[in-house]
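Report on the structure
The lines below spell out each chain.
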Amino acid sequence: DAGITQSPRHKVTETGTPVTLRCHQTENHRYMYWYRQDPGHGLRLIHYSYGVKDTDKGEVSDGYSVSRSKTEDFLLTLESATSSQTSVYFCAIRESVLGTNEQYFGPGTRLTVT
Amino acid sequence: EDKVVQSPLSLVVHEGDTVTLNCSYEVTNFRSLLWYKQEKKAPTFLFMLTSSGIEKKSGRLSSILDKKELFSILNITATQTGDSAIYLCAVQFAGGTSYGKLTFGQGTILTVHP
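Residues numbered from 1 in each chain as written. Chains lettered and ligands numbered in written order. Predicted model: local features only at pLDDT ≥ 70, side-chain atom pairs only at ≥ 80, totals over all residues. Heavy atoms only, no water.

**Some points on the overall build of chain B**
Per the secondary structure count, chain B includes 0 helices and 11 strands. When the helices and strands of chain B are read in sequence order from the N terminus, they spell out β-β-β-β-β-β-β-β-β-β-β. Expected size for 114 residues packed as a compact globule is a radius of gyration near 13 Å; at 14 Å, chain B falls within 12% of this value. Its C-alpha atoms give chain B principal-axis dimensions of about 45 × 30 × 20 Å. Pairs at least 24 apart in sequence give 55% of the contacts found in chain B among residues at least 6 apart. With an accessible surface of roughly 5500 Å², chain B has 52% of that area assigned to carbon and sulfur atoms. Of the charged side chains in chain B, 11 are positive and 10 negative, and the gap between their average positions amounts to 7 Å. (Helix = DSSP H or I, 4+ residues; strand = E, 2+ residues; numbered from the N terminus. Rg over C-alpha atoms; globule rule 2.2 N^0.38 Å. Contact = heavy atoms within 4.5 Å. Areas by Shrake-Rupley, 256 points an atom, 1.4 Å probe, with all protein chains shown as cover. Lys, Arg positive; Asp, Glu negative; His and termini not counted. Charge placed at Lys NZ, Arg CZ, Asp CG, Glu CD.)

**Section: the nonpolar core**
Core analysis: the largest hydrophobic core is formed by 23 residues, its most contacted members being B:Tyr25, B:Phe30, B:Leu33, B:Trp35, B:Tyr87, B:Val91 and B:Leu110. Counting residues per element, the ones that place at least two in this core are β3 (19-26), β4 (30-38), β5 (44-49), β7 (61-66), β8 (71-76), β9 (85-93) and β11 (108-113) of chain B. Per-element accounting of this core gives the leading share, 5 residues, to β9(B). Look past the residues within four positions of B:Phe30 in its chain and what remains in contact with it is B:Tyr25, B:Leu49, B:Leu65, B:Lys67, B:Val91, B:Gln92 and B:Ala94. Core analysis: the second largest hydrophobic core is formed by 20 residues, A:Tyr50, B:Met48, B:Tyr99 and B:Leu102 among them. (Core = buried A, V, L, I, M, F, W, Y, C linked by side-chain atoms within 4.5 Å. Buried < 20%, exposed > 50% of the residue type's maximum accessible area, 1.4 Å probe, protein only.)

**Let's talk about the pattern of salt bridges**
All names here are of chain A. For the structure shown, the criterion picks out 6 salt bridges over all chains. Measuring nitrogen to oxygen at the nearest pair gives 2.8 Å for the salt bridge that ties Asp38 to Arg36. Across the pair, exposure class does not vary: Asp38 and Arg36 are buried alike. Of the charged contacts in the structure, one is a salt bridge between Asp73 and Lys70, with a shortest N-O distance of 3.7 Å. Because the salt bridges share partners, they merge into one network encompassing Arg22, Lys70 and Asp73. (Salt bridge = Lys/Arg side-chain N within 4 Å of Asp/Glu carboxyl O.)

**What about the side chain of B:Ser63?**
All names here are of chain B. Note that Ser63 resides in strand β7. For Ser63, a relative accessible area of 2% translates into the label buried. Engagement of the side chain of Ser63 in a polar contact is seen with the side chain of Trp35, the distance being 3.1 Å. Here the side chain of Ser63 touches Ile73 through a polar contact of 2.8 Å, landing on its backbone oxygen. (Polar contact = N/O pair within 3.5 Å; in protein donor to acceptor, adjacent residues only side chain to side chain.)

See the structure below:
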């Protein structure tokens, strides 16, 4: 257990509404990532963070923003949700304390945009 | 363009069979290749491979990397119904600005029948 939680675990929202997903870790890891998983696409990186207030875009960042104001929390915001953002969202951390660089995933958030 | 390709995309076998899953990649700044198993929840870490020719083994699962031919295989011997899952391959990037982000293949769906 890498000490990663995500909230909410399930959410249904309407097109055009803002949505924020939260990832929380208890292990003090520096690196955190947001991925989305869709059938036929594997997991695709949305945004990542390499420290407090340090974030960068991944391969599918359009329509998403992130914030990391403290080490343990990484927030993903959909400013105006669209149906194409219906997906399962996974947060991940990269193990940096032991230096193994393995990535571990949170339990996921299933988001449905109607 | 960086890409990771897995084959086959799906595979159906019977208990006791041996399976080989393939992952090929074309990426810049390769650091390591990771294998994950995903049942009806978050991906769980199996192996990280960084050096060619060194087999990693865990019970009935084993994996090896060929950095010259740019591929990895995941072997599962004496398959059981509990091995049914999606197996994901991902490449981790090296370099100061990559911060360990992963690019995933599409996944292989393995179904093991009793």
